[in-house]
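Geometric and topological summary
Here is how the chains run, residue by residue.
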Amino acid sequence: MSTSSAEGDVGSVVPQSVVTDPERSRDVLGTGFDQCVRFAELLVTHGEERGLIGPRELPRLWSRHIVNSVAVAPYLPPSGAVADIGSGAGLPGIVLAAMRPDLAFHLVEPMERRVTWLREVVDSLELENVEVYQRQAQELHGSQEYTAVTARAVAALDKLARWTWPLIAPGGALLAMKGQRAAAEVDAAAAVLRKLKAGQVTVHEVDVLGDGDVTRVVEVRRPS
């Protein structure tokens with residue numbers, strides 16, 4: 001795959017298949033499949049050079065990052081707006097936006113070079129339901145409200161809850177992608193969640209492709 005394109009010219013990527021298990025991947029990604037393939041190709045070509053993804057992650061980019069993002073999809077609201085906090089390379093926000101064109105997505109990322117990348121990807125994939133904000137979550141308090149807030153590898157749950165709770169509308173939810181210590185993070189965040197008057201907290205274990213690879217999504221509901 002050519003990597004001679006100038007930084008910022010994400011539209012000139014030479015396509016290359018990065019998909020593993022295409023049949024099941026198409027099933028879980030639905031109508032977002034083609035855009036997610038394109039997104040993966042952009043990451044394979046530009047992700048390492050632009051400091052978005054490490055070289056060790058490239059061989060498993062599709063399964064560990066693209067398909068992994070699908071774990072959040074079952075818990076998204078039927079309508080409304082979603083904020084992806086600390087969106088970074090666009091995970092899970094870009095994947096979810098491709099899957100759910102009926103929802104509005106705001107990708108919230110403070111680092112300028114990542115914001116530049118996200119805007120280029122949004123333009124390249126023609127994602128009309130996405131806006132990119134160069135902000136920290138706390139800077140949106142009082143000005144934005146969302147039916148759901150997503151986050152992947154951003155911060156411990158107690159800190160993440162404090163940052164995002166003012167952004168979540170009544171009846172909405174924080175959907176945080178976590179590792180094997182998800183339950184322990186929930187326990188550690190108990191005092192903070194009580195102070196915030198959070199509602200039900202559920203740790204969902206999701207096997208996206210049915211291959212035994214489990215992803216954990218912590219869902220924290222805000223009472224109506």
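A brief structural summary.

Criteria and thresholds
- Residues numbered from 1 in each chain as written.
- Predicted model: local features only at pLDDT ≥ 70, side-chain atom pairs only at ≥ 80, totals over all residues.
- Heavy atoms only, no water.
- Helix = DSSP H or I, 4+ residues; strand = E, 2+ residues; numbered from the N terminus.
- Rg over C-alpha atoms; globule rule 2.2 N^0.38 Å.
- Buried < 20%, exposed > 50% of the residue type's maximum accessible area, 1.4 Å probe, protein only.
- Phe/Tyr/Trp six-rings, centres within 6.5 Å; stacked < 30°, edge-to-face > 60°.
- Axes fitted to C-alpha atoms, helices over the stretch in contact; angles between N-to-C directions.
- Parallel < 35°, antiparallel > 145°, perpendicular 65-115°, else oblique.
- Left-handed = near helix turned anticlockwise from the far one by under 90°.
- Contact = heavy atoms within 4.5 Å.
- Nonpolar A, V, L, I, M, F, W, Y, C, P; charged D, E, K, R; others polar.
- Pairing = 2+ DSSP bridges.
- 1 Å grid on protein atoms, 1.4 Å probe; cavity = no way out; pocket = protein on both sides within 12 Å on 5 of 7 lines; lining within 4 Å.
- Points joined across faces, edges and corners; volume = space filled by probe spheres on them.

Regarding the overall build of the protein
The helix and strand tally for the protein stands at eight helices and seven strands. Relative to the 2.2 N^0.38 estimate, which gives 17 Å for 224 residues, the radius of gyration of the protein is 17 Å and therefore close to what a compact globule would have. Each principal axis of the C-alpha distribution contributes one length, and for the protein these read about 50 × 40 × 30 Å. Residues classed as buried in the protein amount to 50% of the 224 residues present.

Examining the packing of aromatic side chains
Under the defined criterion, the tally for this structure stands at one aromatic pair. Here Phe33 and Trp62 contribute two aromatic rings whose centre-to-centre distance is 6.1 Å and whose plane-to-plane angle is 80 degrees, an arrangement assigned as edge-to-face. A residue pair is termed long-range when its members are at least 10 positions apart, and Phe33 in helix α2 (residues 33-46) and Trp62 in helix α3 (residues 61-69) qualify at 29 residues. We note that Phe33, like Trp62, is buried.

A few points about the packing of α2 against helix α5 (residues 112-125)
Interhelical geometry of α2 versus α5 gives an angle of 140 degrees and a closest axis separation of 10 Å. The angle between α2 and α5 places the two elements in the oblique class. The handedness of the crossing between α2 and α5 is right-handed. In contact with Gln35, Arg38, Phe39, Leu42, Leu43 and His46 of α2, α5 contributes Trp117, Val121, Ser124 and Leu125. When the residues that make up the contact of α2 with α5 are grouped by side-chain class, the tally is six nonpolar, three polar and one charged.

Concerning the sheet that holds strand β1 (residues 81-85)
Spatially, the seven strands line up as an open sheet ordered β3-β2-β1-β4-β5-β7-β6, and their pairing is mixed. The sheet terminates laterally at β3 (130-133) and β6 (201-206), the two strands that pair on one side only. When strand polarity is set aside, the average angle formed by the axes of neighbouring strands in this sheet is 20 degrees. Where α3 meets the sheet, its contacts fall on β4 (146-152), β5 (168-178) and β7 (215-221), and the angle it forms with β4 comes to roughly 170 degrees. Here helix α6 (residues 157-164) sits on the sheet and contacts β1, β4, β5 and β7; the angle it forms with β5, its principal contact strand, is near 150 degrees.

A few points about the environment of Thr164
Mapped onto the elements of the fold, Thr164 is located in helix α6. Given a relative accessible area of 0%, Thr164 falls into the buried group. Residues Thr164 and Gln136, spaced 28 residues apart in sequence, show a C-alpha to C-alpha distance of 10.0 Å. Each residue touching Thr164, except ones within four places of it in the same chain, is listed here: Ile85, Val149 and Leu174.

Examining the environment of Val108
Assignment of secondary structure puts Val108 in strand β2 (residues 104-108). For the pair Val108 and Val95, spaced 13 residues apart in sequence, the C-alpha to C-alpha distance is 15 Å. Residues within four places of Val108 in sequence aside, it is in contact with Asp84, Ile85, Gly86, Ser87, Tyr133, Arg135, Gln136, Ala137 and Leu140.

Here we look at the layout of surface pockets
As a volume, the largest pocket reaches approximately 390 Å³. In terms of lining residues, the largest pocket is bounded by 15 residues, among which Arg64, Asn68, Arg152, Lys178 and Gly179 are the most central. Taken together, the elements giving at least two residues each to the lining of the largest pocket come down to α3, β5 and β7. At four residues, α3 tops the list of elements feeding residues into the lining of the largest pocket. For the lining of the largest pocket, the per-class residue count stands at three nonpolar, six polar and six charged. Reported here for the second largest pocket is a volume of approximately 290 Å³. Lining the second largest pocket are 15 residues; nearest its centre among them are Gly86, Ser87, Gly88, Ala89 and Arg114. A breakdown of the residues in the lining of the second largest pocket according to their chemical character gives eight nonpolar, four polar and three charged.

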